[in-house]
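Chain and residue survey
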Amino acid sequence: MTGFWSAPHGLGITRGETGDAEALARLHANSFYRGWPREDFETYILDRRSPVLVARDARRRVAGFIMLRLAGDEAELITIAVDPRWRGKGVGAALLRAGLSFLSMTAARKLFLEVAEDNPAAIALYRRAGFVEIGRRSGYYARADGRPATALVLSRDIG
């Protein structure tokens with residue numbers, strides 16, 4: 001399944017390619033306390049059940065990405081990251097819209113995700129997109145200071 005979605009400021013969103021793995025791993029490591037290795041991103045990109053959509057500028061530099069996982073009629077938003085230079089410019093919202101559009105062409109009918117309770121920007125993005133809280137996971141996220149953060153479990157219908 002291929003596709004192209006537009007994003008603000010002339011960015012385009014397309015399926016990830018294995019050549020993106022290093023840039024995605026770097027961006028993820030800069031965005032979260034525990035990053036993932038390049039090899040994990042290559043594996044996700046090659047697996048049709050885990051679509052990765054990447055926002056790029058005209059020179060094909062990565063501005064952000066969203067990683068999903070399909071499981072029957074459900075999907076999970078695994079992670080979403082936006083380069084600090086592009087934050088606050090609608091790129092995260094565009095990636096989320098592209099992900100939902102992509103999922104609408106699959107068997108998935110419900111999307112789930114976890115978000116750290118101490119991440120108000122992400123929570124606001126998800127709430128604006130129609131996600132509702134369905135649970136909590138205490139101590140889910142590790143933090144550099146050693147105090148784990150609670151994850152909010154959110155969901156919304158697709159389509």
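Preceding block: the structure.
Because the structure is predicted, anything quoted here is derived from the model rather than measured.

Things to note about the overall build of the protein
If you tally the helices and strands in the protein, you get 4 helices and 8 strands. Taken from the N to the C terminus, the helices and strands of the protein come in the order β-β-α-α-β-β-β-α-β-α-β-β. Its C-alpha atoms give the protein a radius of gyration of 15 Å, within 12% of the compact-globule value 15 Å for 159 residues. Seen through its principal axes, the protein has C-alpha atoms that stretch 40 × 35 × 30 Å. Looking at the protein as a whole, 45% of its 159 residues qualify as buried. Within the protein, contacts between residues at least 6 apart in sequence are counted, and of these 58% link residues at least 24 apart. A total of about 8,400 Å² of accessible surface is found on the protein, and carbon and sulfur atoms cover 50% of it.

Examining the side chain of threonine 79
Note that threonine 79 resides in strand E5 (residues 74-82). A distance of 3.4 Å separates polar atoms of two side chains, one belonging to threonine 79 and the other to histidine 28. Leaving out residues up to four positions away in the same chain, threonine 79 has contacts with His28, Phe32, Trp36, Phe65, Ile66 and Met67.

Overview of the pairing of strand E4 (residues 62-71)
With respect to burial, E4 is a largely interior element, 7 of its 10 residues being buried. The pairing of strand E3 (residues 52-56) with E4 spans 5 bridges and is classified as antiparallel. Bridge pairing in E4 links valine 52 to methionine 67. Where E3 hands over to E4, the hairpin turn is made up of 5 residues, of which arginine 60 adopts a positive phi near 70°. Here E4 hands over to E5 after 2 residues, with glycine 72 in that stretch at a positive phi of 65°.

Things to note about the packing of aromatic side chains
Applying the stated criterion across every chain, the model contains 6 aromatic pairs. Seen from their ring centres, tryptophan 36 and tyrosine 44 are 6.1 Å apart, and the 20° between their planes marks the pair as stacked. Both rings, one in tyrosine 126 and one in phenylalanine 131, keep their centres 5.6 Å apart while their planes meet at 65°; by these two values the pair is edge-to-face. Per residue, the accessibility class of tyrosine 126 equals that of phenylalanine 131, and both read buried. Counting every residue linked through ring pairs, the aromatic cluster contains Trp36, Phe41, Tyr44 and Phe65.

Considering the pattern of salt bridges
Summed over the entire model, instances satisfying the criterion amount to 17 salt bridges. For arginine 38, the salt bridge is made with glutamate 22, and the minimal N-O distance between the two is 3.5 Å. Taken together, the positions of arginine 38 in helix H2 (residues 38-46) and glutamate 22 in helix H1 (residues 21-31) put the pair 16 residues apart, joining distant regions of the chain. Note that glutamate 133 is salt-bridged to arginine 127, the shortest N-O span being 3.6 Å. A cluster of three or more residues bridged by salt bridges with shared partners is formed by Glu22, Arg26, Arg38, Glu39 and Glu42.

Quick look at the nonpolar core
Within the largest apolar cluster, 34 residues are counted, with the highest numbers of intra-cluster contacts made by Ile13, Leu77, Leu111 and Tyr126. Breaking this core down by element, the ones donating at least two residues are E3, E4, E5, helix H3 (91-103), strand E6 (110-116), helix H4 (120-128) and strand E8 (149-157). For this core, the element with the most residues is H3, which contributes 8 residues. Counting residues in each nonpolar core, the second largest holds 13 residues, with Ala21, Leu27, Val52 and Val62 among its members.

How each quantity is defined
Residues numbered from 1 in each chain as written. Predicted model: local features only at pLDDT ≥ 70, side-chain atom pairs only at ≥ 80, totals over all residues. Heavy atoms only, no water. Helix = DSSP H or I, 4+ residues; strand = E, 2+ residues; numbered from the N terminus. Rg over C-alpha atoms; globule rule 2.2 N^0.38 Å. Buried < 20%, exposed > 50% of the residue type's maximum accessible area, 1.4 Å probe, protein only. Contact = heavy atoms within 4.5 Å. Areas by Shrake-Rupley, 256 points an atom, 1.4 Å probe, with all protein chains shown as cover. Polar contact = N/O pair within 3.5 Å; in protein donor to acceptor, adjacent residues only side chain to side chain. Pairing = 2+ DSSP bridges. Phe/Tyr/Trp six-rings, centres within 6.5 Å; stacked < 30°, edge-to-face > 60°. Salt bridge = Lys/Arg side-chain N within 4 Å of Asp/Glu carboxyl O. Core = buried A, V, L, I, M, F, W, Y, C linked by side-chain atoms within 4.5 Å.

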